[in-house]
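# Architecture and fold: a report
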Amino acid sequence: MVDKDLVKKDSRYYESFVRRVLNKILVLLLKIISFLPFPVLYLISDCMYVVLRYVVKYRKKVIFENLSYAFPDKSEEEIKAITGKFYRHFCDFSLETVKLHSMTVADMEKRVKIKGLEIGNAIADEGKSMITLGFHYSNWEWGSYLQAKSKHQLLMVYSPLRGNSAMEKFMLYSREKWGGESIPIHKIARALLEYMKNNIPSTLWLASDQTPPAESPFWTYFLNREAPFFIGPEKIAIKTNQPIVFVYMKKTGRGHYEANVELLIKEPGKLQHKDILLAYIRKMEEIIHEAPELYLWSHRRWKHKRPENIELTL
């Protein structure tokens with residue numbers, strides 16, 4: 001008789017092995033693509049745009065719904081125009097993220113200008129650490145180049161990829177090549193304590209516009225819809241009283257960006273819990289309204305419904 005448990009075990013191992021091989025092949029392909037010159041990449045991006053928007057119709061309903069709620073004063077034609085611009089930027093951004101793997105300092109100097117860096121460096125000169133809040137806007141991946149100019153040790157928080165170690169290594173290499181350190185979300189406290197112990201000014205970089213569980217205690221309006229937020233940033237800020245800076249990438253041309261560093265809150269320890277997140281959220285909305293096509297509208301940011309026992313923070 002055939003041992004069914006053994007067959008299942010072998011089948012799972014085979015599937016896992018095949019998945020690992022396919023992932024490695026994909027990463028190898030991405031590495032090859034990263035060495036293509038920008039004109040070729042943007043030619044591929046133009047083709048991707050046609051496929052994603054008109055053939056696959058990638059998350060069309062999600063994008064249209066998110067934009068319609070965020071901009072109720074805009075007509076359907078205006079929403080469609082923003083949608084088209086979003087697809088074009090999304091395709092460019094996807095390939096620019098791949099390109100980051102092979103980019104040099106000279107490439108970044110040519111394509112990324114930095115404004116406000118002196119704000120963070122002045123804090124480092126005082127021997128202080130700080131918290132950096134960013135969000136999924138424009139080309140946030142190229143923002144990792146700030147480490148090459150910053151006097152703070154950049155600690156980039158991320159959620160580990162499950163079942164795809166090859167892709168995770170590819171992404172971490174691209175982000176860390178300028179000297180920053182990627183910290184798994186469950187190891188934040190340990191990393192902060194280590195740098196504090198050694199008196200090394202660091203900055204914890206958080207993209208806090210991601211979607212937490214519906215049970216998150218903090219819900220507020222974000223782009224005209226109720227949305228939950230992680231409370232980690234405000235808890236860390238209040239406990240450490242570290243200054244909070246806001247970083248975002250402004251697109252100045254195809255493949256060209258301006259990284260902006262702004263002081264958001266100087267002494268968070270003196271504020272109430274809600275004031276920190278609300279300041280961050282309103283700042284995001286301000287930037288998004290300037291160039292809405294650069295936000296990640298394909299993300300199901302508003303997929304949860306607020307539980308009745310959780311009040312809305314205003």
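The preceding data block contains the structure.
For the structure given in this document, a descriptive report is provided here. (Residues numbered from 1 in each chain as written. Predicted model: local features only at pLDDT ≥ 70, side-chain atom pairs only at ≥ 80, totals over all residues. Heavy atoms only, no water.)

## Side note on the overall build of the protein
The condition is simple: Secondary structure counts use DSSP, requiring at least four H or I residues in a row for a helix and at least two E residues in a row for a strand, with both numbered from the N terminus. Values of the radius of gyration come from C-alpha atoms, whereas the globule rule sets the reference at 2.2 Å times the count of residues to the power 0.38. In this scheme, a residue with accessible area under 20% of its type's maximum is buried, one over 50% is exposed, and one in between is partly exposed, where area comes from a 1.4 Å probe on protein chains only. In this description, contact between two residues means that some pair of their heavy atoms is separated by no more than 4.5 Å. Only the protein chains shown count as cover for residues, and all accessible areas are computed by the Shrake-Rupley method using a 1.4 Å probe. In summary, the charge assignment counts Lys and Arg as positive and Asp and Glu as negative, without counting His or the chain termini. The atoms used to mark charge sites are NZ of Lys, CZ of Arg, CG of Asp and CD of Glu.
On a plain count of helices and strands, the protein comes out with ten helices and nine strands. Compactness check: the protein gives a C-alpha radius of gyration of 21 Å against a globular reference of 20 Å for 314 residues, within 12% of the reference. With the C-alpha coordinates of the protein rotated into their principal frame, the extents come out at 70 × 55 × 50 Å. Out of the 314 residues in the protein, the part that is buried amounts to 48%. The long-range share in the protein, meaning contacts at least 24 apart out of those at least 6 apart in sequence, stands at 80%. A total of about 17,000 Å² of accessible surface is found on the protein, and carbon and sulfur atoms cover 57% of it. Across the protein, the centroid of the 48 positively charged side chains sits 5 Å from that of the 36 negatively charged ones.

## A few points about the packing of aromatic side chains
We apply this condition: The criterion for an aromatic pair is that two Phe, Tyr or Trp rings (for Trp, the six-membered ring) have centres within 6.5 Å, with stacked assigned to planes under 30 degrees apart, edge-to-face to planes over 60 apart and tilted to the rest.
Using the criterion set out here, one finds 19 aromatic pairs in the structure. Seen from their ring centres, F93 and W140 are 4.3 Å apart, and the 40° between their planes marks the pair as tilted. Note that F93 is positioned in helix α4 (residues 76-99) and W140 in the loop between β2 (130-134) and β3 (153-158), a separation of 47 residues in sequence. Since its relative accessible area comes to 9%, F93 is described here as buried.

## What to know about the environment of E258
Relative to the assigned elements, E258 resides in strand β9 (residues 256-265). Judged by its relative accessible area of 16%, E258 falls in the buried class. As a C-alpha pair, E258 and N139 span 119 residues in sequence and 9.8 Å in three-dimensional space. Apart from the residues within four sequence positions on either side, E258 is in contact with K113, K115, Y248, M249, K250 and T252.

## Let's talk about the side chain of E293
Quick note on the threshold: By convention in these notes, a salt bridge is any Lys or Arg side-chain nitrogen within 4 Å of a carboxyl oxygen on Asp or Glu.
Examined against the element boundaries, E293 turns out to sit in the segment after α10 (273-290). One buried charged residue, E293, remains without a salt bridge, the closest side chain of opposite sign being K85 at 5.2 Å. Not counting the four nearest positions on each side in its chain, E293 is found in contact with I82, K85, F86 and H89.

## Quick word on a nonpolar patch on the surface
Filter applied, for reference: Put simply, a patch holds well-exposed residues, over 30% relative accessible area, that have no salt bridge, with like charges counted together within 9 Å and Val, Leu, Ile, Met, Phe, Trp or Tyr side chains within 5 Å.
Taken together, V50, V51, Y54, V55 and V56 make up a surface patch of nonpolar side chains, about 470 Å² in accessible area. With respect to the helices and strands, the residue V50 is situated in helix α2 (residues 38-56). What makes V50 partly exposed here is its relative accessible area of 41%.

## Some thoughts on unusual backbone geometry
Peptide bonds are mostly trans, and most non-glycine residues show a negative phi. Positioned with a positive phi, R59 is a non-glycine residue whose angle comes to about 45°. Secondary-structure assignment places R59 in the loop between α2 and α3 (60-70). What makes R59 partly exposed here is its relative accessible area of 32%. Not every positive phi belongs to a glycine, and N224 is a case in point at roughly 70°. Topologically, N224 is positioned in the loop between β6 (218-222) and β7 (225-229). Residue classification places N224 among the partly exposed positions, given a relative accessible area of 47%.

## Things to note about the packing of helix α9 (residues 232-240) against α10
The line we're drawing: For helices, the fitted line uses only the C-alpha atoms of the stretch in contact; every axis is such a line through C-alpha atoms, and the angle between N-to-C directions lies from 0 to 180 degrees. For classification, angles of less than 35 degrees are called roughly parallel, those exceeding 145 degrees roughly antiparallel, those between 65 and 115 degrees roughly perpendicular, and all remaining angles oblique. By convention the crossing between two helices is left-handed if the near helix lies anticlockwise of the far one by an angle smaller than a right angle, and right-handed if it lies clockwise. Amino acids outside the nonpolar list (Ala, Val, Leu, Ile, Met, Phe, Trp, Tyr, Cys, Pro) and the charged list (Asp, Glu, Lys, Arg) are all regarded as polar, and Gly is one of them.
As a packed pair, α9 and α10 sit with axes 9 Å apart at the nearest point and diverge in direction by 125°. For the element pair α9 / α10, the angle class is oblique. Between α9 and α10 the crossing geometry is right-handed. Across the interface between the two elements, E234, A237 and I238 from α9 touch H273, K274, I276 and L277 from α10. Partitioning the contact of α9 with α10 into residue classes produces four nonpolar, one polar and two charged.

## Digging into the nonpolar core
Using the following cut-off: Buried Ala, Val, Leu, Ile, Met, Phe, Trp, Tyr and Cys residues that are joined via side-chain atoms within 4.5 Å together make up what is termed a nonpolar core.
Membership of the largest hydrophobic core comes to 49 residues, with the highest contact counts inside it found for F135, F222, I288 and W297. The greatest single-element share of this core, amounting to eight residues, is contributed by α10. Residues within four places of I288 in sequence aside, it is in contact with F71, F135, Y137, F222, L223, Y295 and W297. Of all hydrophobic cores here, the second largest spans 32 residues; its members include L95, M130, M167 and V247.

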